[in-house]
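Chain residues, written in single-letter form:
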Amino acid sequence: MTPELGCDVLIIGGGPAGLAAGLFTARADLDTLLLNDGDPILRRNAHLENYPGFPAGVNSHRLLELMGEQADRAGCDRREGRVVDLRESADGFIAETAEGRTLAARFVVAATKNTVDFLTGIDGVEILDRGKAFVDTDDRGRTGVAGLYAAGRLAAQPHQAIIVAGHGATVGVTLIEDSDVDFYHDWVTPEGYFTDRGRELPPGCEEIDKAERESREAESVATMQERFAEPHPEEPQQHPSVRDDE
Ligand SMILES: Cc1cc2nc3c(=O)[nH]c(=O)nc-3n(C[C@H](O)[C@H](O)[C@H](O)COP(=O)(O)OP(=O)(O)OC[C@H]3O[C@@H](n4cnc5c(N)ncnc54)[C@H](O)[C@@H]3O)c2cc1C
């Protein structure tokens, strides 16, 4: 079947790991599609107090929304959809969704926590059974299949939001390094930081002048004031076994 959608990077799962991976690959101008079905487990948290940068903690729904918004701004195309099958193809991978879509991607990042059923059609992915299923990777998130990565909890990272987000970022950067994108670091620096030392601006880096920095900071201040103007309206999700509404 001819794929309905093609992209450089397909990210499966929209929790902190998938969102962080998508942020980095989209910022590197890799055409990035993120499919998510269901709720990231972080929605069960009642108040997130160990995510660096929030001295009094942060509402976990709010943090997920901000991560999603940041990925969107970077150009990551986020859609709802459940991947039910993944296969290798001549150019990368073909994914089938429960909604009947067929997607082609050069690279795939699986960030689905303990969901591995869509990986059974690929040889070379080692599934670890530790009561829950995980995917075996190297220390940069590469599976045994070239172009296929696992990020976050799925890659057996510790069950902490900052760690899985950081791992998603690691996987994103690893994928960029493994691709044909010219890349040094994803850095924004003051004007002249490289070029006033006779260095070319490294790929992936940007120098900005004072006016541009002030403009970006003003937008950042306004955005955060607006997003944090009110408490988040949603309650944390309860564990399914203790929900009384089902
Ligand atoms: C009650 C509770 C409280 C917690 N409190 C804290 C805390 O205080 N501090 C802390 O650091 N951590 C906390 N955590 C842990 C933290 O939430 C997780 O470690 C982290 O969110 C895992 O992120 P992830 O991106 O790997 O997975 P997830 O966030 O679970 O993301 C996986 C996503 O993939 C989707 N998905 C699955 N299969 C498919 C598919 N086939 N196709 C498309 N999408 C799919 C899922 O629906 C989900 O949205 C808590 C967890 C729980 C349960």
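What counts, and where the lines are drawn
- Residues numbered from 1 in each chain as written.
- Predicted model: local features only at pLDDT ≥ 70, side-chain atom pairs only at ≥ 80, totals over all residues.
- Heavy atoms only, no water.
- Near = heavy atom within 4 Å.
- Polar contact = N/O pair within 3.5 Å; in protein donor to acceptor, adjacent residues only side chain to side chain.
- Areas by Shrake-Rupley, 256 points an atom, 1.4 Å probe, with all protein chains shown as cover.
- Buried < 20%, exposed > 50% of the residue type's maximum accessible area, 1.4 Å probe, protein only.
- Helix = DSSP H or I, 4+ residues; strand = E, 2+ residues; numbered from the N terminus.
- Pairing = 2+ DSSP bridges.
- Right-handed = clockwise from strand over helix to strand, strands pointing away.
- Domains from an automatic or database assignment.
- Contact = heavy atoms within 4.5 Å.
- Buried area = accessible area lost by both parts, 1.4 Å probe.
- UniProt positions renumbered as here; feature names shortened; annotations may be inferred.
- Axes fitted to C-alpha atoms, helices over the stretch in contact; angles between N-to-C directions.
- Parallel < 35°, antiparallel > 145°, perpendicular 65-115°, else oblique.
- Left-handed = near helix turned anticlockwise from the far one by under 90°.

As recorded by an unreviewed UniProt entry, the protein chain carries the name Thioredoxin reductase and is attributed to Halonotius aquaticus.

Bringing the site of the ligand into the picture now. Taken together, 32 residues lie near the ligand, and Asn-36, Asp-37, His-159, Gln-160 and Ala-161 sit nearest. In this structure, an oxygen atom belonging to the ligand sits 2.8 Å away from a side-chain N or O atom of Asn-36. At a separation of 2.5 Å, an oxygen atom of the ligand approaches a polar backbone atom of Asp-37. Protein chains bury 86% of the 1,000 Å² of accessible surface belonging to the ligand in isolation.

Before going further, it helps to examine the pairing of strand β2 (residues 32-36). Buried residues dominate β2, accounting for five of its five residues. As paired elements, strand β1 (residues 5-12) and β2 share four bridges and run parallel to each other. Considered in β2, the bridge of Ile-12 is made with Leu-35. As a crossover connection, the stretch from β1 through helix α1 (residues 16-27) into β2 is right-handed. As defined by bridge partners, β2 adjoins strand β3 (residues 77-80) across four bridges and the pair is classed as parallel. Following the sheet pairing, Leu-33 is matched in β3 by Asp-77. Between the parallel elements β2 and β3, the chain passes through helix α2 (residues 60-74) in a crossover that is right-handed.

What follows concerns the domain arrangement of the protein chain. By the assigned domains, the protein chain splits into domain 1 (5-178) and domain 2 (188-228). Facing the seven residues of domain 1 at the interface are six residues of domain 2. In total, domain 1 and domain 2 occlude about 500 Å² of area from one another, counting both sides; carbon and sulfur atoms represent 52% of this. On the domain 1 side of the contact with domain 2, Arg-62, Leu-66 and Glu-69 bury the most area, a combined 62% of that side's loss.

Okay, the UniProt feature "domain: FAD-dependent oxidoreductase 2 FAD-binding" (unreviewed entry) in the protein chain next. Cross-referencing UniProt, the feature "domain: FAD-dependent oxidoreductase 2 FAD-binding" (unreviewed entry) maps to residues 8-40 in the present numbering. Taken end to end, residues 8-40 has its terminal C-alpha atoms 24 Å apart, with 36% of it in helix and 30% in strand.

Take the packing of α1 against α2 next. For the pair α1 and α2, the least separation of the axes is 8 Å and the interaxial angle reads 20°. Regarding the angle of α1 to α2, the classification is roughly parallel. Like other packed secondary-structure pairs, α1 and α2 cross with a definite hand, here left-handed. In contact with Pro-16, Leu-19, Leu-23, Ala-26 and Arg-27 of α1, α2 contributes Leu-64, Met-67, Gly-68, Gln-70, Ala-71 and Ala-74.

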